[in-house]
Amino acid sequence: MESGVRKENNPPSSSFSLQQQPPATNPSPLRKIIMVASIAAGVQFGWALQLSLLTPYVQLLGIPHTWAAFIWLCGPISGMLVQPTVGYYSDRCTSRFGRRRPFIAAGAGFVAISVFLIGYAADIGHLSGDSLTKTAKPRAIAVFVVGFWILDVANNMLQGPCRAFLADLSGTDHKKTRTANAFYSFFMAIGNVLGFASGSYTHLYRIFPFSRTKACDVYCANLKSCFFISIALLLTLTILALSYVREKPWSPEGSSGDGGNEEEKEVEGGEAKESTPAPFFGEIVAALKNLQRPMRILLLVTCLNWVAWFPFLLFDTDWMGREVYGGDSSRNADQLKMYDRGVHAGALGLLLNSVVLGFTSLGVEVLARGVGGVKRLWGIVNFILAICLAMTILITKVAQSNRRYTTVNGGTHLLPPPSGVKAGALALFAVMGIPQAITYSIPFALASIFSNTSGAGQGLSLGVLNLSIVIPQMVVSVAAGPWDALFGGGNLPAFVVGAVAAAASGILAFTMLPSPPPDIPSNKRAPTSSSAAFH
């Protein structure tokens with residue numbers, strides 16, 4: 001975030017002062033914003049397939065369980081490095097195709113390549129010498145890991161510029177900025193629904209009969225087929241959006257935040273000096289050191305918010321299989337069967353969650369007006385999230401107290417939980433779609449609004465915001481297991497920490513998070529280079 005913003009009649013106090021915002025323009029029509037936001041459906045389709053299908057595929061390739069955690073760490077690591085990097089360079093891109101469109105197109109292309117590598121990992125490994133009779137397939141594993149890392153890098157390369165493009169199209173219209181991010185959240189929900197539904201249909205491979213080979217069984221062929229559809233959807237949406245919504249080429253000479261010629265040069269020691277960007281890592285460090293108060297508070301609230309979310313996002317289906325259904329993936333066949341039933345019930349819960357997420361996303365603006373502003377809305381839903389995470393304890397205890405068994409042929413077999421317990425757990429998944437919709441839209445909208453006010457580049461701003469998401473993910477991924485083991489195993493200890501973090505995030509949103517400036521009619525809107533209104 002380029003927070004060394006120049007004020008009138010004051011010399012710059014830092015070399016970190018180059019403005020990367022284009023001149024303020026009227027916001028684009030809503031139809032163009034919706035077209036760009038629709039790319040999120042293609043991106044999230046792929047993420048949903050990862051969540052629902054890739055873990056069993058990892059086991060099919062024979063990847064050791066201890067490696068799985070390191071593979072899944074690719075997401076937060078690439079998010080921590082790629083999004084700020086891509087954001088920084090997309091702010092400065094002078095391509096004739098625009099600032100954001102080249103990165104979005106490249107990201108979509110790399111997603112297609114990576115998905116091909118993942119889907120055909122078993123076939124490539126077999127052609128390279130992997131034995132079909134051995135459990136571990138080292139060459140297939142190598143192809144899979146390369147493809148998986150490319151996929152995460154490409155997804156991060158795609159999402160950051162998409163969000164920044166939406167902010168560019170919204171201009172200084174704060175309401176349209178919030179609406180753009182709400183539509184992005186809505187299309188993420190659409191992608192989730194499509195992804196979970198495709199992953200649950202086990203005969204999809206029949207549409208692509210060539211996908212089943214000697215090295216790739218029915219399950220693997222179904223994964224390939226899902227990925228084929230995912231690629232087609234993403235590329236179609238990306239091509240349509242980038243063809244319909246054009247960007248004007250950007251040049252540093254005409255990029256001053258207030259349109260004044262004096263902004264094109266800095267005066268230092270009485271001599272005119274052209275503004276030049278600091279080296280990338282130096283500018284990232286300067287961005288973090290010189291963050292203005294609105295962004296600092298926003299990063300803190302977002303960080304706590306995601307500390308609350310990640311335990312549930314990582315272990316939601318495991319909680320259904322283990323705590324609610326009483327199964328265990330490492331015990332006897334009876335408990336393994338019950339665990340699988342719980343995981344499938346969790347997948348249904350995720351589908352319900354996505355439906356509620358989609359509908360809530362369309363009503364974010366109405367909800368914000370109803371409660372008195374976006375910061376209050378975010379605070380309220382954080383408390384809803386805290387209550388939901390605390391309710392996992394109650395549902396777990398009720399499920400344990402109502403655990404039922406039956407005797408067949410002298411053997412004792414575990415029965416599913418009562419219908420009331422299952423309904424309560426599924427209702428919990430659905431209700432959590434409400435705070436999730438706000439989490440997927442409001443923080444990004446606020447970051448864009450704060451960036452517009454301070455004159456910072458949208459790409460770098462959203463990349464820095466992403467740090468407050470991926471760092472909690474890495475912490476939770478590494479610490480959740482030992483923390484749960486400290487209290488006897490299970491998922492509840494991590495959920496309790498999440499509930500506390502959600503409550504803290506809600507308190508900070510209410511008490512410390514600055515309110516965005518009021519919406520200004522477009523005919524009165526003018527660019528500003530001061531963030532004093534936030535203090």
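Basis of the calculations
Residues numbered from 1 in each chain as written. Predicted model: local features only at pLDDT ≥ 70, side-chain atom pairs only at ≥ 80, totals over all residues. Heavy atoms only, no water. Helix = DSSP H or I, 4+ residues; strand = E, 2+ residues; numbered from the N terminus. Buried < 20%, exposed > 50% of the residue type's maximum accessible area, 1.4 Å probe, protein only. Contact = heavy atoms within 4.5 Å. Salt bridge = Lys/Arg side-chain N within 4 Å of Asp/Glu carboxyl O. Polar contact = N/O pair within 3.5 Å; in protein donor to acceptor, adjacent residues only side chain to side chain. Axes fitted to C-alpha atoms, helices over the stretch in contact; angles between N-to-C directions. Parallel < 35°, antiparallel > 145°, perpendicular 65-115°, else oblique. Left-handed = near helix turned anticlockwise from the far one by under 90°. Nonpolar A, V, L, I, M, F, W, Y, C, P; charged D, E, K, R; others polar. pLDDT = per-residue confidence, 0-100. Patch = residues over 30% accessible without salt bridge, like charges linked within 9 Å, V, L, I, M, F, W, Y side chains within 5 Å. Areas by Shrake-Rupley, 256 points an atom, 1.4 Å probe, with all protein chains shown as cover. Phe/Tyr/Trp six-rings, centres within 6.5 Å; stacked < 30°, edge-to-face > 60°. Lys NZ or Arg CZ within 6 Å of the ring centre and 35° of its normal. Expected span 1.5 Å × (residues − 1). Bend = angle between axes of the 7 residues up to and from the residue. Core = buried A, V, L, I, M, F, W, Y, C linked by side-chain atoms within 4.5 Å. Domains from an automatic or database assignment.

1. Regarding the overall build of the protein
Moving on, step 1. Of the regular secondary structure elements, the protein holds 19 helices and 4 strands.
Moving on, step 2. Among the 535 residues that make up the protein, the fraction classed as buried is 54%.
Moving on, step 3. Contacts in the protein between residues far apart in sequence, at least 24 positions, make up 80% of those at least 6 positions apart.

2. With respect to the environment of Ala502
Moving on, step 1. Counting through the fold element by element, Ala502 comes out in helix H19 (residues 492–511).
Moving on, step 2. Using a relative accessible area of 0% as the deciding quantity, one classes Ala502 as buried.
Moving on, step 3. Spatially, the C-alpha atoms of Ala502 and Leu304 are 6.5 Å apart, while their sequence positions differ by 198 residues.
Moving on, step 4. When near neighbours in sequence (up to four residues on either side) are disregarded, Ala502 contacts Leu304, Ala308, Asn382, Leu385 and Ala386.

3. As for the pattern of salt bridges
Moving on, step 1. Tallied over the full model, the rule gives 6 salt bridges.
Moving on, step 2. When the shortest N-O distance is used, the salt bridge between Asp168 and Arg99 registers 3.8 Å. Taken as a pair, Asp168 in helix H7 (residues 138–170) and Arg99 in the loop between helix H4 (74–91) and helix H5 (101–119) lie far apart in primary sequence, 69 residues in all.
Moving on, step 3. The salt bridge partner of Arg100 is Asp168, with a shortest N-O separation of 2.7 Å. With Arg100 in the loop between H4 and H5 and Asp168 in helix H7, this residue pair connects regions lying 68 residues apart in the sequence.
Moving on, step 4. Note on Arg100: relative accessible area 0%, which makes it buried.
Moving on, step 5. Here the residues in one salt-bridge network are Asp91, Arg99, Arg100 and Asp168, joined through shared partners.

4. A look at the environment of Glu323
Moving on, step 1. Looking at the element boundaries, Glu323 is found in helix H11 (residues 293–324).
Moving on, step 2. C-alpha separation for the pair Glu323 and Gln400, spaced 77 residues apart in sequence, amounts to 7.6 Å.
Moving on, step 3. Residues within four places of Glu323 in sequence aside, it is in contact with Asp318, Thr396, Ala399, Arg403, Gly490, Asn491 and Leu492.
Moving on, step 4. Only 2.7 Å separates the side chain of Glu323 from the backbone nitrogen of Asn491, close enough to count as a polar contact.

5. A closer look at the packing of H5 against H7
Moving on, step 1. Two elements in contact, H5 and H7, have axes whose closest approach is 8 Å; the angle formed by their N-to-C orientations is 155 degrees. In terms of axis orientation, H5 runs roughly antiparallel to H7. Once H5 is placed against H7, the crossing between them reads as left-handed.
Moving on, step 2. Residue composition of the contact of H5 with H7, by class: 20 nonpolar, 4 polar and 1 charged.

6. What to know about the confidence of the model for the protein
Moving on, step 1. Model confidence for the protein is summarised by a mean pLDDT of 79, while 78% of its residues fall at 70 or above.
Moving on, step 2. Between residues 1–24, whose pLDDT stays under 50, and residues either more than four places distant or in other chains, the model counts 79 contacts.
Moving on, step 3. Low pLDDT (under 50) marks residues 254–278, which in the prediction has 39 contacts with non-local residues, meaning those over four places away or in another chain.

7. Examining a nonpolar patch on the surface
Moving on, step 1. On the surface, Ile387, Met391, Leu394 and Val398 cluster together to form a nonpolar patch covering roughly 330 Å² of accessible area.
Moving on, step 2. With respect to the helices, strands and loops of the structure, Val398 is situated in helix H14 (residues 374–401).

8. A short note on the side chain of Lys375
Moving on, step 1. Here Lys375 is to be found in helix H14.
Moving on, step 2. When its relative accessible area of 14% is taken as the criterion, Lys375 is described as buried.
Moving on, step 3. With residues near it in sequence (within four places) discarded, Lys375 still touches Ala509, Phe510, Leu513, Pro514 and Ser515.

9. Describing the packing of aromatic side chains
Moving on, step 1. One pass over the structure, following the stated rule, counts 15 aromatic pairs.
Moving on, step 2. Each residue in the set Phe116, Tyr120, Phe208, Phe210 and Phe228 is aromatic and connected to the rest through ring pairs, giving one cluster.
Moving on, step 3. Of note, Arg92 hangs over the ring of Tyr88, and the distance from its end group to the ring centre comes to 3.9 Å.

10. A closer look at helix H15 (residues 419–431)
Moving on, step 1. The terminal C-alpha atoms of H15, which comprises 13 residues, lie 18 Å apart, in line with the 18 Å expected from a rise of 1.5 Å per residue.
Moving on, step 2. For H15, the complete set of buried residues consists of Val421, Ala425, Leu426, Leu428, Phe429 and Ala430.
Moving on, step 3. At its buried positions, H15 is contacted by H11, helix H12 (333–362), H14 and helix H16 (433–439).

11. A look at the packing of H4 against H7
Helix-helix packing is described using two parameters, namely the angle between the two axes and the distance between the axes.
Moving on, step 1. Two elements in contact, H4 and H7, have axes whose closest approach is 8 Å; the angle formed by their N-to-C orientations is 40 degrees. The orientation of H4 relative to H7 falls into the category oblique. Viewed along their axes, H4 and H7 form a crossing whose handedness is right-handed. Every residue of H7 that contacts H4 at Cys74, Gly75, Ile77, Ser78, Gly79, Val82, Gln83 and Val86 is listed here: Phe148, Trp149, Asp152, Val153, Asn156, Met157, Gln159, Gly160 and Pro161.
Moving on, step 2. Residue composition of the contact of H4 with H7, grouped by class: 9 nonpolar, 7 polar and 1 charged.

12. Focus on H11
Moving on, step 1. With 32 residues, H11 extends 43 Å between its outermost C-alpha atoms, agreeing within 8% with the 46 Å of an ideal straight helix rising 1.5 Å per residue.
Moving on, step 2. Of all the bends found along H11, the most pronounced is centred on Phe315 and spans about 60 degrees.

13. Structural notes on the side chain of Asn222
Moving on, step 1. Structurally, the position occupied by Asn222 is in helix H9 (residues 218–244).
Moving on, step 2. Each residue touching Asn222, except ones within four places of it in the same chain, is listed here: Ser198, Gly199, Tyr201, Thr202, His203, Leu204 and Tyr205.

14. With respect to the nonpolar core
Moving on, step 1. If you look at the biggest cluster of nonpolar residues, it comprises 123 residues, and the most contacted ones within it are Tyr57, Leu61, Phe144, Leu298, Trp319, Met320 and Trp378.
Moving on, step 2. Each of domain 1 (25–248) and domain 2 (293–517) contributes no fewer than three residues to this core.
Moving on, step 3. Ranked by size, the runner-up nonpolar core spans 5 residues in total, among them Val82, Val86, Cys93 and Phe103.

15. Topic: the environment of Leu204
Moving on, step 1. Looking at the element boundaries, Leu204 is found in the loop between helix H8 (174–200) and H9.
Moving on, step 2. We classify Leu204 as buried; its relative accessible area is 9%.
Moving on, step 3. Residues Leu204 and Cys226, spaced 22 residues apart in sequence, show a C-alpha to C-alpha distance of 7.3 Å.
Moving on, step 4. When sequence neighbours within four positions are dropped, the list of residues in contact with Leu204 reads Ser198, Asn222, Ser225, Cys226 and Ile229.

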